[in-house]
Amino acid sequence: MPKKIAAGNWKMNGTRAAVSEAMAIGQADAGDCVVILCPPATLLTVLSDARLALGGQYCHAETSGAHTGDISAPMLADAGATYCITGHSERRADHGETDADVRAQTQAAWNAGLIAILCIGETLEQREAGETLAVLEGQLNGSLPDGATADNTIIAYEPVWAIGTGKVASAAQVAEVHDALRAQIGPRMSLLYGGSVKAGNAAELFALTNVDGALVGGASLKAADFVPIIEALAAS
């Protein structure tokens, strides 16, 4: 069976003042769930004592070099990360990352011993045009290197139109996509939903057959918001 996973993406938020929130998240009653926190890279070593798995939010495809402002997968691993998000829609949109870029970054994460949390998702225009499943299949085929297994990869479906907007895909929409993705990736790889996941909708989402957890953005910044999501997953 796929692992149940609650992953928090803090994005460009968090200083040392937020360490207490991370520590409180680490105290959640997670049962057999894996709880991952992806803070800014500046906090990875600071959070080494938290009862959490840690992840990076991005990695460069190269291990080192003249890439000012970037961070490599070996650097993330050296700082204590065991996971790395790749292909997040904000990276694709804001930094022009293509499927080929994401594929190279995912391979780099694997090479450094990190587990990739590979994100895919459609825009509102693509959904309204009835292109959702074709877009996701294309992103997955283009972004996922050969050799992906349940041990080195987690897939996160994040509809772009639901990220940080307060909108969430309906249970029927999520089920349709996750069932199609499950057929593509096989039975063991964990498949997460992301897109305005909150305590109020978590239980309904986690009750769906092929939803193994969530990649949570804003609601992961505060323990009071994230812990109920973790507990809902543990109870599912």
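For the structure given in this document, a descriptive report is provided here.

## Describing the overall build of the protein
Along the protein, the regular secondary structure elements total nine helices and eight strands. A globule of 236 residues ought to have a C-alpha radius of gyration of about 18 Å, and the protein, at 16 Å, matches this closely. The C-alpha extent of the protein, read off along each of the three principal axes, is 45 × 40 × 30 Å. Taken over 236 residues, the protein has a buried fraction of 52%. In the protein, 73% of the contacts between residues at least 6 apart in sequence involve partners at least 24 apart. Total accessible area on the protein stands at roughly 10200 Å², and carbon and sulfur atoms take up 52% of it.

## Focus: the state of the cysteines
Under the definition given, this model contains zero disulfides. Not part of a disulfide, Cys38 finds its nearest cysteine sulfur in Cys84, a span of 7.7 Å. Cys38 gets classed as buried once you look at its relative accessible area, which sits at 0%. By relative accessible area, Cys84 is classed as buried at 0%.

## A short note on the packing of helix H8 (residues 199–206) against helix H9 (residues 223–235)
Contact pair H8 / H9: the axes reach a minimum separation of 9 Å and the direction vectors enclose 20°. Here H8 is positioned roughly parallel relative to H9, judged by the angle of their axes. Once H8 is placed against H9, the crossing between them reads as right-handed. Listed contacts from H9 to Ala199, Ala202, Ala203 and Phe206 of H8 are Pro228, Ile229, Ala232 and Leu233. Taken together, the residues of the contact of H8 with H9 break down into eight nonpolar, no polar and no charged.

## What to know about the pairing of strand S8 (residues 213–216)
Every second residue of S8 is oriented toward a common face, with Gly213 and Leu215 on one face and Ala214 and Val216 on the other, all of them buried. Examined bridge by bridge, strand S1 (residues 5–9) and S8 share four bridges and lie parallel to one another. Its bridge partner lying in S8, Ala6 is registered against Ala214.

## What to know about unusual backbone geometry
A positive phi angle, close to 55°, is found at Lys11, a residue other than glycine. Its place among the elements puts Lys11 in the loop between S1 and helix H1 (19–25). In this structure, Ser196 takes a positive phi of about 60° despite not being glycine. Checked against the element boundaries, Ser196 lands in the loop between strand S7 (191–193) and H8. The exposure class assigned to Ser196 is buried, which follows from its relative accessible area of 12%.

## As for the nonpolar core
Core analysis: the largest hydrophobic core is formed by 62 residues, its most contacted members being Tyr193 and Phe206. For this core, the leading source of residues is H9, giving seven residues. Not counting the four nearest positions on each side in its chain, Phe206 is found in contact with Val211, Gly213, Ala214, Ile229, Ala232, Leu233 and Ser236. Ile5, Ala7, Ile154 and Leu192 belong to the second-largest nonpolar core, a separate cluster that totals 14 residues.

## Some details on the packing of aromatic side chains
Summed over all chains, the structure comprises one aromatic pair. Lying over the aromatic face of Tyr58, Arg91 brings its terminal NZ or CZ to 3.9 Å of the ring centre.

Reading the values: the criteria
Residues numbered from 1 in each chain as written. Predicted model: local features only at pLDDT ≥ 70, side-chain atom pairs only at ≥ 80, totals over all residues. Heavy atoms only, no water. Helix = DSSP H or I, 4+ residues; strand = E, 2+ residues; numbered from the N terminus. Rg over C-alpha atoms; globule rule 2.2 N^0.38 Å. Buried < 20%, exposed > 50% of the residue type's maximum accessible area, 1.4 Å probe, protein only. Contact = heavy atoms within 4.5 Å. Areas by Shrake-Rupley, 256 points an atom, 1.4 Å probe, with all protein chains shown as cover. Disulfide = S-S within 2.5 Å. Axes fitted to C-alpha atoms, helices over the stretch in contact; angles between N-to-C directions. Parallel < 35°, antiparallel > 145°, perpendicular 65-115°, else oblique. Left-handed = near helix turned anticlockwise from the far one by under 90°. Nonpolar A, V, L, I, M, F, W, Y, C, P; charged D, E, K, R; others polar. Pairing = 2+ DSSP bridges. Core = buried A, V, L, I, M, F, W, Y, C linked by side-chain atoms within 4.5 Å. Phe/Tyr/Trp six-rings, centres within 6.5 Å; stacked < 30°, edge-to-face > 60°. Lys NZ or Arg CZ within 6 Å of the ring centre and 35° of its normal.

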